[in-house]
Amino acid sequence: MDILIRLVQFFMSLSLLVAIHEFGHFIMARIFRIRVEKFYIFFNPWFSIFKFKRGDTEYGLGWVPLGGYVKIAGMIDESMDTEQMKQPAKPDEFRSKPAWQRFLVMIAGVVMNLLLAFAIYCGISYKWGKTYVPNDNVKWGYNFNEAAHGMGFEDGDKIVSIDGKNIDNYREIFSELVISDSDKSVVVERKGAEVSFTIPYDKLLEVRNSEQFEDLYTPRYLVVNEVTSQTARDAGVCKGDIITDVDRQNFVTDDEKLMYIQSKAGNTITLNIERGSDTLTLNNVPVSNDGLIGIERGAIELRTQKFGFWASIPAGARLTRDVMGSYWQQLKMIFKPKTQMYKSLGGFISIGKIFPSEWDWLQFWSMTAFLSIILAIMNILPIPGLDGGHALFTFWEMITGRKVSDKVLEIAQYIGLAIILLLLVYANGNDIYKVFIK
C-alpha cells in the first residue's frame, strides 16, 4: 500500500510538471502563430493510450511515463523528423520565425516550471505557513554520530553559526555542511562558552561520501522536565538531568535510547546523565512493566510563521530563490569528481521515494515544487536535445546573425539524445544498484 501511494503521487506530480512544461512551449508557439503538430503527456512509440485532434494539433497520452513532448512544425527535436526539414519552409513553421521568437518558445517550458514552483510555494506559505524547529529552541544542544565527532562536534553542542551565518532552522545545519566546496568555520556553544573550529574540506568530503552523513546530528530532548515517580527519585533522578547514555550503549539519537529503555521493561538500567557541569552515573534505575522510568521529558517547541495572502507572495519568492540556489550548488558539485556527488545521482526510484508513504498534501506540493525547479534547471543546461541546447543555438544566431545549419542541429540533437540516454541509464542504474545489490 505504501508503494502504491508513492506511485500515485509520483505520477500525479510528473504528469502535472510535464503538462505545465510542454504547455509553456505550446502556448508561446501559438502566440507566434507557429503550428504545433502534437502535444503529448508521456511518450507514445508505436501507439497511444488515447488521442484526439483539434485544429492542426494532435493531443494524446503516451504509454511510456518518462516525460512528454510537443512536436513543433519545422523544428529538429526529439522526434528527429528530418523529412519535414527537407521540404521548403512554410510561414507557420518554427524555422520561418525570427530568432527572438524561437528563443522565447524554447525557454517557455523552463519559465513555466519556475512559475509553477513559485505559485506552489506561495500557496504553501498562505495555506500552511512555515513550521520548523528553531535552532534557538534546541536548548539542550544536539547529539552527534561518530562521523560528526570526527569533524569536531561534541554531544551537547549548540550550533551558533556556520561560516558566519547564524542558523535559524535546525535543518539548515545539514544543507550548510552538504553544499560546500571549501573548509567550514563553525561556532558552537559548549558548556556555556563559545568554541570555534574549522572542518577541512577533505574531511567534509570523506564524511559526505559515507553512510553516516544523513544522521550527523539530532536535537536532544531526553531531558528530565519533571520526575513523576518515587522510584525514579529514589534512584537519584532530578529535574533538569540530561540523559546522555543508557547502559553504556553506543546510541546516537534519543529515540534509540527510548526504544532501549522500553525493551528493558521490568528490569533496571544504568543512566549516565549531565547535571549542570557534572557528569554522573545512576545505577539500578528501575524500568516499569510499561517500559517507563517515571519522568516527563522536555519538549522542543516548533515555530509556525503565518502569512496573509499578500505576504505569501514574497515568502513564496524567497523560498523559490533559496531552493533554486541550493539545487544549483548541488548540481555544480556533481560535476566536480573530487566531491563524488555523482554517486548520489538517482532516477525514478529515488524520485518516487521522496514522496511520503502516507498521503500528505503539504508534502506532495512541496515535492512537486522542488521537482519543478529540478526540471527547469536540468532543461536549461546547454545540452543539445534539451531546451537549453536549442536556446543556445538560437542565442548564437541572435548575436551573430548567422543561423546554424540544419545538418549541424541534427548532429547535435543525436549527440544530445545520446548524452541524455546515458544519464538516464546511469541514474536509474544507480537506483537499481542501491536497492538490489548494495
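Basis of the calculations
- Residues numbered from 1 in each chain as written.
- Predicted model: local features only at pLDDT ≥ 70, side-chain atom pairs only at ≥ 80, totals over all residues.
- Heavy atoms only, no water.
- Helix = DSSP H or I, 4+ residues; strand = E, 2+ residues; numbered from the N terminus.
- Buried < 20%, exposed > 50% of the residue type's maximum accessible area, 1.4 Å probe, protein only.
- Contact = heavy atoms within 4.5 Å.
- Areas by Shrake-Rupley, 256 points an atom, 1.4 Å probe, with all protein chains shown as cover.
- Pairing = 2+ DSSP bridges.
- Core = buried A, V, L, I, M, F, W, Y, C linked by side-chain atoms within 4.5 Å.
- Expected span 1.5 Å × (residues − 1).
- Polar contact = N/O pair within 3.5 Å; in protein donor to acceptor, adjacent residues only side chain to side chain.
- pLDDT = per-residue confidence, 0-100.
- Salt bridge = Lys/Arg side-chain N within 4 Å of Asp/Glu carboxyl O.

Draft legend 1. View of the overall build of the protein. Across its full length, the protein holds 13 helices and 17 strands. When the 438 residues of the protein are sorted by exposure, 45% land in the buried category. Counted over contacts in the protein with a minimum sequence separation of 6, partners at least 24 positions apart contribute 64%. Element-wise, carbon and sulfur atoms account for 58% of the exposed surface of the protein, whose accessible area totals about 23500 Å².

Draft legend 2. How the structure looks around the sheet that holds strand β8 (residues 165-166). As summarised here, the arrangement of the 4 strands in space is β8-β7-β9-β10, forming an open sheet in which the pairing is antiparallel. The strands lining the two open edges of the sheet, one partner per strand, are β8 and β10 (193-199).

Draft legend 3. Structural detail: the nonpolar core. If you look at the biggest cluster of nonpolar residues, it comprises 41 residues, and the most contacted ones within it are Ile34, Ile72, Phe94, Val105 and Tyr121. Residue assignment for this core shows that the elements contributing at least two residues are α1 (2-31), β1 (36-43), β4 (64-72), α3 (99-127), α9 (309-334) and α11 (361-380). No other element matches the 8 residues that α3 contributes to this core. The contact partners of Tyr121, leaving out residues within four places of it in the chain, are Gly316, Leu319, Thr320, Val323, Ser366, Ala369, Phe370 and Ile373. Ranked by size, the runner-up nonpolar core spans 25 residues in total, among them Ala147, Ile159, Ile167 and Val178.

Draft legend 4. Just the environment of Asp56, in detail. Looking at the element boundaries, Asp56 is found in the loop between β2 (50-54) and β3 (57-61). Along the chain, Asp56 and Arg35 lie 21 residues apart, while their C-alpha atoms are 7.0 Å from each other. Non-local contacts of Asp56, meaning those with residues more than four positions away in its chain, are made with Arg35, Val36 and Glu37.

Draft legend 5. Layout of helix α12 (residues 387-400). Relative to the 20 Å expected for 14 residues at 1.5 Å per residue, α12 spans 20 Å between its end C-alpha atoms, a close match to the ideal helical length. For α12, the complete set of buried residues consists of Asp387, Gly388, Gly389, His390, Ala391, Thr394 and Glu397. In the stretch just after α12, Gly401 is the one whose phi turns positive, near 80 degrees.

Draft legend 6. Structural context of the pairing of β3. Across the 5 residues of β3, 4 count as buried, placing the element largely inside the fold. With 4 bridges connecting them, β1 and β3 associate as parallel partners. Paired with Ile41 across the bridge in β3 is Leu61. In this sheet, β3 lies alongside β2 in antiparallel orientation, the contact comprising 5 bridges. Bridging across to β3, Phe50 finds its partner in Leu61. A loop of 2 residues connects β2 with β3, the two strands running antiparallel in sequence, and Gly55 in this loop sits at a positive phi of about 65 degrees.

Draft legend 7. Broad picture of the side chain of Thr394. Relative to the elements of secondary structure, Thr394 occurs in helix α12. Only 2.9 Å separates the side chain of Thr394 from the backbone oxygen of His390, close enough to count as a polar contact. With near-sequence residues (within four places) excluded, Thr394 lies in contact with Ala99, Arg102 and Phe103.

Draft legend 8. Up close: the confidence of the model for the protein. Per-residue pLDDT for the protein has a mean of 84; in total, 90% of the residues score no lower than 70. The lowest-confidence element of the protein is helix α2 (residues 82-86), averaging 62 in pLDDT; the highest-confidence one is α3, averaging 94.

Draft legend 9. Structural view of the pattern of salt bridges. According to the stated counting rule, one finds 18 salt bridges in the structure shown. Across the pair Arg35 and Glu93 runs a salt bridge whose closest N-O atoms are separated by 3.7 Å. Here Arg35 is found in the loop between α1 and β1, whereas its partner Glu93 is found in the loop between α2 and α3, with 58 residues between them in sequence. The exposure class assigned to Arg35 is buried, which follows from its relative accessible area of 16%. When the shortest N-O distance is used, the salt bridge between Arg303 and Asp168 registers 3.6 Å. Remark: Asp168 occurs in the loop between β8 and α5 (172-178) and Arg303 occurs in strand β17 (residues 303-305); sequence separation between them is 135 residues. When its relative accessible area of 30% is taken as the criterion, Asp168 is described as partly exposed.

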